[in-house]
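# Structural characterization, general
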Amino acid sequence: MAAEERRRVAVLGAGLIGVDLAGKIARSSKLELALVAGRSRDSLGLRRVAQMGHPTAAGGVRAVVEAGTFDVVFDATNADSHAEHWAALQPTGTTLIDLTPTGLGTVTVPGVTGHSSAAHRHLNLVSCGGQASIPILHAIAQRCTPSYIEVVSTGASASAGPATRLNLDQYIATTAAAIRTCTGTREAKVLVNISPARPAPPFRVAMTVLADNFRPAPVRTSIAAAADAVRAYAPGFNVTSLAVDPGRIQVVVEVTPSGRHLPRHAGSVDIINAAAVLLTEQSATSRRREPRP
């Protein structure tokens, strides 16, 4: 794709998620990273992005609005601020991709919600736990009718920044709601563990599904296919445990970053950012294929 055809994008937020997202966007042949905006010019994250050679600005969403028109803006800040960001950016005509667990916008998970998300301008990526679990749970739900789903995410304390800790209630509620939407189950429970263990553990998501009248072999096949699909954009995604018993399916996945800039325990950051970039690249490809008027 020629440089002039690349989608012009901005990242709002310069924490761990925003900095890694900037690096992933910069490596994309379909996206042009035009700005990373943080709250303060003195923030460590904004300085790191500037050292990487990318345009930066202080002032948060105001800086993004003042910088001109973007095809896509990624909100990598916190759930409490996202509604304000959408209100500010909506009149600009940009597509806003929400990496915070607000529950606002259209629920979007690669391989599950399809390409219809390209028709929406406000996309909700649920949470890192949602991105890791929903592809597997959706695959299981194609083979049976779950009566109960439980998801337990365990992340290293070192990868849980202030925004993550501040937004735990929203994380739990938004992830549970998205699981219900994408699987059809009536009851979903989400738990989060922040582990201070040393060495820091990898990002791990354990899923338990209660259901009747399913055949084990097709369930295993569907889980394997879903895991392969996720690995296509998040290579460090792996099923580490699988038990398919009468009435109960238990799956554990781990995610380790595929790039060199994130520590091994930051798989939670890697998977949601990989999903965000993939969706934007798919949208860019779809726009190229649209017939010209």
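Residues numbered from 1 in each chain as written. Predicted model: local features only at pLDDT ≥ 70, side-chain atom pairs only at ≥ 80, totals over all residues. Heavy atoms only, no water.

### So, the sheet that holds strand 9 (residues 188–195)
Pairing in this open sheet of five strands is mixed, and the strands run 9-8-10-12-11 from one edge to the other. In this open sheet, the two edge strands, each paired with only one partner strand, are strand 9 and strand 11 (237–245). Across the sheet, the mean angle from the axis of one strand to that of its neighbour is 10 degrees, orientation sign disregarded. Alignment of strand 11 against strand 12 (residues 248–255), held across eight bridges, turns out to be antiparallel. When the sheet's bridge partners are listed, Val244 is paired in strand 12 with Ile249. Along the sheet, helix 7 (residues 168–183) contacts strand 8 (148–156), strand 9 and strand 10 (203–210); its crossing angle with strand 9, the most-contacted strand, is approximately 140 degrees. (Pairing = 2+ DSSP bridges. Helix = DSSP H or I, 4+ residues; strand = E, 2+ residues; numbered from the N terminus. Axes fitted to C-alpha atoms, helices over the stretch in contact; angles between N-to-C directions. Contact = heavy atoms within 4.5 Å.)

### Observations regarding helix 5 (residues 128–141)
Taking 1.5 Å as the rise per residue, helix 5 with 14 residues should run 20 Å; its terminal C-alpha atoms sit 20 Å apart, in good agreement. A bend of about 35 degrees at Ile134 is the largest found in helix 5, and the proline Pro135 appears one to four places after it. The element helix 5 is extensively covered by neighbouring structure, given that 14 of its 14 residues are classed as buried. (Expected span 1.5 Å × (residues − 1). Bend = angle between axes of the 7 residues up to and from the residue. Buried < 20%, exposed > 50% of the residue type's maximum accessible area, 1.4 Å probe, protein only.)

### Section: the nonpolar core
The biggest cluster of nonpolar side chains holds 43 residues, and the ones touching the most others in it are Ile136, Phe237 and Ile249. With seven residues, helix 5 is the largest single contributor of residues to this core. Aside from chain neighbours lying at most four places away, what touches Ile249 is Ile140, Cys144, Met207, Thr208, Val209, Phe214, Val219, Ile223, Ala243 and Val244. In this structure, Val9, Leu123, Ile272 and Ala276 belong to the second largest nonpolar core, which totals 22 residues. (Core = buried A, V, L, I, M, F, W, Y, C linked by side-chain atoms within 4.5 Å.)

### Thoughts on the pairing of strand 4 (residues 72–75)
Taking every second residue as pointing to the same face, both faces of strand 4 are buried, with Val72 and Phe74 on one and Val73 and Asp75 on the other. Note that strand 4 and strand 5 (residues 95–98) share four bridges and pair parallel. Bridge pairing links Val72 to Thr95 in strand 5. In this view, the connection linking strand 4 to its parallel neighbour strand 5 by way of helix 4 (residues 79–89) has right-handed handedness. (Right-handed = clockwise from strand over helix to strand, strands pointing away.)

### Quick word on the environment of Arg220
In this structure, Arg220 sits in helix 8 (residues 216–231). Distance from Arg220 to Ala176, taken between C-alpha atoms, is 23 Å for residues 44 residues apart in sequence. When neighbours within four sequence positions are excluded, Arg220 is seen to be in contact with Leu242 and Val244.

### Let's talk about the confidence of the model for the protein chain
Looking at the protein chain as a whole, the pLDDT averages 93, with 94% of positions reaching at least 70. Within the model, the stretch residues 289–293 combines pLDDT values under 50 with zero contacts to residues more than four positions away or in other chains. (pLDDT = per-residue confidence, 0-100.)

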